[in-house]
Amino acid sequence: MQDAISVINAGSSSLKFSVFSEQAGTLRRVLAGSIKGLGVSPRFLVSDESGRTMETKDWPNDASLSHEDATRFLFEDIPTRLRDYRIQAVGHRVVHGGEHYVAPVRVDSDVLGKLEALIPLAPLHQPHNLAPIRMILSSAPDLPQVACFDTAFHHTQARVEQAFALPPSITAHGVRRYGFHGLSYQYIASVMAQRDKALAGRVVVLHLGNGASMCAIRGGSSVATTMSFTALDGLPMGTRCGALDPGVLLYLMEELKMDVGQVRNLLYHQSGLLGVSGISSDMRTLEASDAEGAKEAINLFTYSINRQLGALVATLGGLDAIVFTAGIGENSILVRDRVCRGAAWLGLELDEAANRDGASCISTAASKVQAWVIPTDEEVVIADHTRRNIADARLGSDT
Ligand code: ADP
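Residues numbered from 1 in each chain as written. Predicted model: local features only at pLDDT ≥ 70, side-chain atom pairs only at ≥ 80, totals over all residues. Heavy atoms only, no water.

Undergrad: Give me the lowdown on the pattern of salt bridges, citing residues and values where you can.
TA: Enumeration over the complete set of coordinates arrives at 25 salt bridges. Note that arginine 29 and aspartate 377 form a salt bridge whose closest N and O atoms lie 2.8 Å from each other. With arginine 29 in strand 3 (residues 26-36) and aspartate 377 in the loop between strand 13 (370-373) and helix 15 (378-398), this residue pair connects regions lying 348 residues apart in the sequence. The exposure class assigned to aspartate 377 is buried, which follows from its relative accessible area of 15%. Relative accessible area serves as the criterion here: at 28%, arginine 29 is assigned to the partly exposed category. Linked by salt bridges that have partners in common, Glu22, Asp384, Arg387 and Arg388 make up one network. (Salt bridge = Lys/Arg side-chain N within 4 Å of Asp/Glu carboxyl O. Helix = DSSP H or I, 4+ residues; strand = E, 2+ residues; numbered from the N terminus. Buried < 20%, exposed > 50% of the residue type's maximum accessible area, 1.4 Å probe, protein only.)

Structure below.
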């Protein structure tokens, strides 16, 4: 029997999972999959370590399958596929650790209560992240569970970077900039220094997926990031608005008579690429479209990235490299092309052929600032945190 670590990344309508085994100190993914379409028409897909699909299962039009049900299904299914492995712990992606949790934590019912208290800070993500934890805690209370936070990577930021210009009576409630996508940034930070020495210096990482943000990293630590109190701030995203004058909210409520629910729905679900284009939140669909709205949405997206890049370079006092990651960053030749051209003033010279061919380094040899494409892997970071956490706990109980 080999020990293995299971990782769960639960989003609003999906539950992604991976199982890692440790061999010679290295984590190896032995199983991966997802249940997508929760709340609509769920579909389970599982693939083996070579990425080959082993099985799919559908629950057609079954909106009643909850996150808890999906977790239960996985916990019955996974052991039947991994008879030579024993799951020794489960690591979870949890979007918000608040001010208190700046490192991964073993979850018991007390910690779960504290994480539930943070739901108002991330109402659309945190409840889904916590649902599998709660389910496993009640059905297998002795199985160690470790929560890994998207906010934690940013705790190295200076106080001034974390602050809003609000009075203490408000900031005392924890109203400050936190930042997200930290597990992705941590993964990129952990691999980039091995690639090139420029990547050990002043780097801006662009995590461009359905959710999108950018992070200024110096010597592997977060200096500044575009998301802040919630995952709404910064760049326009698939359906989220990104940075907005707070006065717009007052206008929506006072003049357009929108209530809180309508405003929330607008900002989270009806804005960004979808809102501007009126066509889709999906970059592939927009790139394939000739419609004016699609062009406008892509323009606003890449313009905002270049605008934020200027601000992040200021926080670093210069720039050695940028790194593209996540669905759009890893795959969109067009977006990378636009962003790199918009960064020519910084000394970045794009290697067009390298960008087109999907190379890892996409800047020319003469470029003063390098540009890289590095696929992210949040799950392996969670697995690594989880194995360290349980190893530390064992060490603690042995001494
Ligand atoms: P999530 O934040 O949900 O994890 P992903 O990182 O999977 O999102 O990114 C999804 C985005 O990546 C979508 O907008 C999708 O269109 C875009 N994307 C994926 N492949 C390509 C491609 N080949 N060209 C352009 N965009 C792509």
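Undergrad: Explain the site of the ligand to me, using residue names and the numbers behind them.
TA: The full set of residues close to the ligand is Gly209, Asn210, Gly211, Asp282, Met283, Arg284, Glu287, Ala326, Gly327, Ile328, Asn331 and Ser332. The separation between an oxygen atom of the ligand and a polar side-chain atom of aspartate 282 is 2.5 Å. Separating an oxygen atom of the ligand from a backbone N or O atom of arginine 284 is a distance of 3.1 Å. Taken by itself the ligand offers 590 Å² of open surface, and the protein chains cover 71% of this. Looking at the shell around the ligand, the elements that each hand over two or more residues are helix 10 (283-287) and helix 12 (326-331). The residue inventory of the shell around the ligand, partitioned by class, reads 3 nonpolar, 6 polar and 3 charged. (Near = heavy atom within 4 Å. Polar contact = N/O pair within 3.5 Å; in protein donor to acceptor, adjacent residues only side chain to side chain. Areas by Shrake-Rupley, 256 points an atom, 1.4 Å probe, with all protein chains shown as cover. Nonpolar A, V, L, I, M, F, W, Y, C, P; charged D, E, K, R; others polar.)

Undergrad: Tell me about the sheet that holds strand 1 (residues 2-10), and please be specific about residues and values.
TA: The strand order across the open sheet formed by 8 strands is 5-4-3-2-1-6-8-7, and the pairing between neighbours is mixed. Both outer strands of the open sheet, strand 5 (53-58) and strand 7 (105-106), are each paired with one neighbouring strand and no more. Of the strand pairs in this sheet, strand 2 (residues 15-23) and strand 3 are connected by 9 bridges, and their pairing is antiparallel. Bridge pairing in strand 3 links glutamate 22 to leucine 27. (Pairing = 2+ DSSP bridges.)

Undergrad: Talk me through the sheet that holds strand 13; I want residue IDs and the actual numbers.
TA: Across the sheet, which stays open at both edges, the 5 strands sit in the order 11-10-9-12-13 with mixed pairing between neighbours. Pairing within the sheet leaves two strands with one partner each, and these edge strands are strand 11 (221-225) and strand 13. When the angles between neighbouring strand axes are averaged without regard to direction, this sheet yields 25°. Sheet analysis places strand 9 (residues 202-208) next to strand 10 (residues 212-218), joined by 7 bridges and oriented antiparallel. Of the residues in strand 10, the one forming a bridge with valine 205 is cysteine 215. Across the face of the sheet, helix 13 (residues 333-342) comes into contact with strand 9, strand 12 (321-325) and strand 13 while running at roughly 160° to strand 12. (Axes fitted to C-alpha atoms, helices over the stretch in contact; angles between N-to-C directions. Contact = heavy atoms within 4.5 Å.)

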